[in-house]
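Structural features, examined
So you can see what is in the structure, the chains are spelled out below.
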Amino acid sequence: MKSGPAHTARLIYGAGAAVDVSSLRSAGHGMLASRADVAGESLARRGLTGIRARCVLMLDHSGSMGHYYRSGAVQELVERALGFALQLDADGKIPVIPWDSRLRDGAVVGVANYRGVVGSGGRRGLWQPRDMQGTALDLALARIRSQASVSDLPLFAMVVTDGEPDSQSKAASACAETARYPVFLKFLALGRVRFLDQLERGQPGRLVPNVRVTTFPTLAMSDAQFAEAMADGWETWVAAATTAGILRADAAR
């Protein structure tokens, strides 16, 4: 296996949040602005205020996730992920891609369309309750690697799942391939997912350990808990990826 970076990205810091949070509040997006503020506090505690990145949210759409979609918990999760992304990504948007046995049609979610984007089972929403299939995690990870391979900034990839992948060998291989790219994999496990624990432990041979797993019993969490879960480990990866040459430090900082 090749040992050097397969692709590099710039490490850039700006002044505070990537998007003007106060303007969101004045435009009637008070809850979203509050979530962005909470995310900023979690990043600040890790010395990452102003760091810039691209973000993506990969949503498990397998059958066992149905009650989370039905209850509105996934919609709330998307809004929290967008709030986090507003701190990092200057375009103020986050691709949200459901996956089960295949990659689903996703949406680029931003301030203009985040409300109700998951839907309640209709044709226009991300949730398709009559067609929820398996757990092909390898496909989600391959999409992340593809996006990271052309990104000019580090990719912060949030992956939400509640179960073991259909093929552990394929998922492990796809995950290992991401380690040579500028991508941090933040897994949010709903309940104990032993495979993800193995992924997090089994990184010593990689160019940079880029997997961090946070486990919650359910999606019932506070904005602060979500932000802390997402930020956890990010600063460690940024430092390691910079040392390994995956990230090119901006001389202006």
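Structure shown above.
Cut-off values and rules
- Residues numbered from 1 in each chain as written.
- Predicted model: local features only at pLDDT ≥ 70, side-chain atom pairs only at ≥ 80, totals over all residues.
- Heavy atoms only, no water.
- Helix = DSSP H or I, 4+ residues; strand = E, 2+ residues; numbered from the N terminus.
- Buried < 20%, exposed > 50% of the residue type's maximum accessible area, 1.4 Å probe, protein only.
- Areas by Shrake-Rupley, 256 points an atom, 1.4 Å probe, with all protein chains shown as cover.
- Lys, Arg positive; Asp, Glu negative; His and termini not counted.
- Charge placed at Lys NZ, Arg CZ, Asp CG, Glu CD.
- Contact = heavy atoms within 4.5 Å.
- Salt bridge = Lys/Arg side-chain N within 4 Å of Asp/Glu carboxyl O.
- Disulfide = S-S within 2.5 Å.
- Pairing = 2+ DSSP bridges.
- Axes fitted to C-alpha atoms, helices over the stretch in contact; angles between N-to-C directions.
- Core = buried A, V, L, I, M, F, W, Y, C linked by side-chain atoms within 4.5 Å.
- Phe/Tyr/Trp six-rings, centres within 6.5 Å; stacked < 30°, edge-to-face > 60°.

1. Brief notes about the overall build of the chain
Along its length, the chain carries nine helices and eight strands. Projected onto its principal axes, the C-alpha coordinates of the chain cover approximately 50 × 45 × 30 Å. For the chain, the residues scored as buried account for 53% of the 253 residues in total. Here the chain has roughly 10,500 Å² of accessible surface; of this, 49% comes from carbon and sulfur atoms. For the chain, the separation between the mean place of its 29 positive charges and that of its 24 negative charges on side chains is 3 Å.

2. Quick look at the environment of V238
Here V238 lies in helix α9 (residues 234–243). Along the sequence, V238 and N210 sit 28 residues apart, while their C-alpha atoms lie 9.3 Å from each other. The contact partners of V238, leaving out residues within four places of it in the chain, are L11, Y13, I51 and L247.

3. Focus on the environment of S34
Within the fold, S34 resides in helix α2 (residues 30–44). Residues S34 and R248, 214 residues apart in the sequence, show an inter-C-alpha distance of 32 Å.

4. Points about the side chain of S42
With respect to the helices, strands and loops of the structure, S42 is situated in helix α2. Excluding anything up to four places from it in sequence, S42 contacts A227, E228 and A231.

5. Digging into helix α7 (residues 194–201)
Here α7 has its buried residues at F195, L196, D197 and L199. Buried residues along α7 sit against α5 (137–148), β5 (155–161), α6 (168–178), β6 (183–190) and β7 (211–216).

6. Digging into the pattern of salt bridges
Scanning all chains against the criterion turns up 19 salt bridges. In this structure, R10 and D152 form a salt bridge, with 3.3 Å as the shortest nitrogen-oxygen distance. Placement of the pair is R10 in strand β1 (residues 9–11) and D152 in the loop between α5 and β5, with a sequence separation of 142 residues. Judged by its relative accessible area of 36%, R10 is partly exposed. Relative accessible area serves as the criterion here: at 30%, D152 is assigned to the partly exposed category. What emerges from the salt-bridge pattern is a single network uniting R35, E76, E79, R80 and D223.

7. A look at the state of the cysteines
Scanning all chains against the criterion turns up zero disulfides. Of all cysteine sulfurs, the one in C175 lies closest to C55, which takes part in no disulfide; the gap is 18 Å. For C55, a relative accessible area of 1% gives the class buried.

8. Side note on the sheet that holds strand β2 (residues 54–60)
Read from one edge to the other, the open sheet built from six strands follows the order β4-β3-β2-β5-β6-β7, with strand pairing classed as mixed. Edge positions in the sheet fall to β4 (107–109) and β7, since each of these pairs with one other strand and no more. Neighbour-to-neighbour, the strand axes of this sheet turn through a mean angle of 20 degrees, independent of strand direction. Bridge count between β6 and β7: six bridges; the pairing is parallel.

9. Points about the nonpolar core
Residues F84, I94, M158, L188 and W234 are the most contacted members of the largest nonpolar core, which totals 59 residues. In terms of residues, this core owes the most to one element, helix α4 (residues 73–88), which gives 10 residues. Counting 26 residues, the second largest nonpolar core, distinct from the first, contains V56, A140, A174 and C175.

10. Comments concerning the packing of aromatic side chains
A full pass over the atoms with the stated rule returns seven aromatic pairs. Taken together, a centroid distance of 6.0 Å and an interplanar angle of 20 degrees make the contact between Y69 and W127 stacked. Pair noted here: Y69 is in helix α3 (residues 66–71) and W127 is in the loop between β4 and α5, with a separation of 58 residues, a long-range link. Relative accessible area serves as the criterion here: at 4%, W127 is assigned to the buried category. Ring geometry for F156 versus W234: centroids 4.9 Å apart, planes at 75 degrees, classification edge-to-face. Placement of the pair is F156 in strand β5 and W234 in helix α9, with a sequence separation of 78 residues. With respect to class, F156 is no different from W234; both count as buried. Through pairs of rings, three or more aromatic residues link up here, namely F84, F156, F184, W234 and W237.

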